[in-house]
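So the chains spell out like this:
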Amino acid sequence: MSTNVTVTGAAGQIGYALLFRIASGQLLGPDTKVRLKLLEIPQAVKAAEGTALELFDSAFELLEDIDIYDDPTKAFEGTNIALLVGARPRTKGMERADLLEANGGIFKPQGEAIAAGAANDIKVLVVGNPANTNALIAQSNADGVPAARFTAMTRLDHNRAIAQLAQKTGAAVSDITNMAIWGNHSPSMYPDLFNAKVKGERAWDAVGDENWVANEYIPRVGKRGAEIIEARGASSAASAASAAVDHVYDWVNGTAEGDWVSMAVPSDGSYDVPEGIITSFPVTTSGGEWKIVQGLDVPEFSRERINNTVNELQEERAAVAKLGLV
Ligand code: NAX
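Every chain is numbered independently, its residues counted from 1 as its sequence is written. Two thresholds apply to this predicted model, a pLDDT of at least 70 for residue-level local features and 80 or more for giving and counting side-chain atom pairs, whereas whole-chain, interface and lining totals are computed over all residues. Note: side-chain values were computed over all heavy atoms of the structure, leaving out hydrogens and water.

Draft legend 1. Looking closely at the site of the ligand. Proximity criterion: a residue is near a molecule or strand once any of its heavy atoms comes within 4 Å of it. Gln13, Ile14, Glu40, Val127 and Asn129 are the nearest of the 23 residues found near the ligand. Side-chain atoms alone can form a polar contact between residues adjacent in sequence; in general such a contact is a pair of N or O atoms within 3.5 Å, and within protein one must be able to donate a hydrogen while the other accepts it. In this structure, an oxygen atom belonging to the ligand sits 2.6 Å away from a side-chain N or O atom of glutamate 40. Within the backbone of methionine 153, one N or O atom sits 3.3 Å away from a nitrogen atom of the ligand. When isolated, the ligand has an accessible area of 880 Å², and the protein chains bury 79% of it. In a pocket analysis with a 2 Å cut-off to the grid points, the ligand is assigned to the largest pocket. Secondary structure elements follow DSSP: runs of H or I of four or more residues count as helices, runs of E of two or more count as strands, with numbering from the N terminus. Looking at the shell around the ligand, the elements with two or more residues in it are helix 1 (13–23) and helix 4 (96–117). In the scheme used here, Gly and all other residues not listed as nonpolar or charged are polar, with Ala, Val, Leu, Ile, Met, Phe, Trp, Tyr, Cys and Pro taken as nonpolar and Asp, Glu, Lys and Arg as charged. Considering only residue class, the shell around the ligand consists of 12 nonpolar, 10 polar and 1 charged. Those domain boundaries reflect an automatic or database domain assignment. Counting residues domain by domain, the shell around the ligand receives three or more from each of domain 1 (2–152) and domain 2 (155–316). Only the protein chains shown count as covering a residue, and every accessible area follows the Shrake-Rupley method with a 1.4 Å probe. Cavity means a closed set of points on a 1 Å grid over the protein atoms alone, one where a 1.4 Å probe fits but cannot get out, pocket means an open set with protein on both sides within 12 Å along at least 5 of 7 lines, and lining means a residue has an atom within 4 Å of a point. A molecule is said to be in a cavity or pocket once over half of its atoms fall within 2 Å of that pocket's grid points.

This is how it looks when you write it as structure tokens:
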């Protein structure tokens, strides 16, 4: 048995890091063979073919086949896992409405193609920005596919939040559990230290410095993408690919007992977050399904910040609704 994995934006920089991780078995585990289906725009198909040659040259034992398409209907046919990485970036002078409209032109037909031909167990992760709202557009246009199959990536923010907390407290990354990112994959997202733990102790108490949390930690995690661009001269790529692998691996294989991960998923109204928007929550996964963790502590400090990031997503939803995309 093999699993069909579609990757869009395959010729891009995240694609270049991601495809080798998938083909080596890190996405689905060492017992699952993979057939890659790559989607690119016509101008980038040749570059995707170049990456496919390198994948071939790596002689990955789990990689059964690679097909390259410039047509979403073919790229999503029979697919089990779809990683939607390709998106339209914001260019100079572009207003938010223009950005959302341009991405609507990508994610609406991709949602329709998923509905038309993907496998019954399809799972979708949207990485391409604005990821949460692009996921909402795809989901809204995928008639007949359960909304829960559409998720967006906040796992990079989650991993950044763990790494920064480990550095501050001197703990190992493996000592940090129960991290949660709430909201949008944008600088407004909220990493929650009230529920995260450092060696079992509440992270807020382990840090013991509200000023650091409010004025250094949260902005640092939120603006880490800009810091990487400043240092590298290009946006995060390998860390984003790594986070995408973590997201799908945990969705398919389940979260560890007592721990959870962050995924942007369609809200069911939990924690008074408006229903329907695709927003990050702490979730557990089991049997290929996710569940929002219930009953967590949401003090005023968290509530204000969750409301702020969720309001941003509601505005994005209103803007794409106005464009007839959802
Ligand atoms: P690149 O510009 O290197 O690659 C994007 C690729 O997508 C290009 O090869 C392009 O031809 C392709 N593409 C464009 N439209 C397409 C379509 N309709 N169908 C198929 N392919 C299409 O960008 P890269 O650095 O790889 O980043 C990809 C996306 O990830 C961007 O939108 C970026 O903003 C987003 N990110 C999201 C992150 C997250 O945490 N959710 C973090 C990393 C990254 O910034």
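Here the narrative resumes.
Draft legend 2. Molecular detail of unusual backbone geometry. Note that the residue after asparagine 129, namely proline 130, is joined by a cis bond; omega there is -10°. Structurally, proline 130 is set in the loop between strand 5 (123–126) and helix 5 (131–140). Notably, alanine 59 is not glycine yet its phi reads approximately 50°, a positive angle. On the secondary structure map, alanine 59 appears in the loop between helix 2 (45–57) and strand 3 (63–69). One non-glycine residue with positive phi stands out, namely lysine 199, at about 50°. As for its position among the elements, lysine 199 is in the loop between strand 10 (197–198) and strand 11 (201–202).

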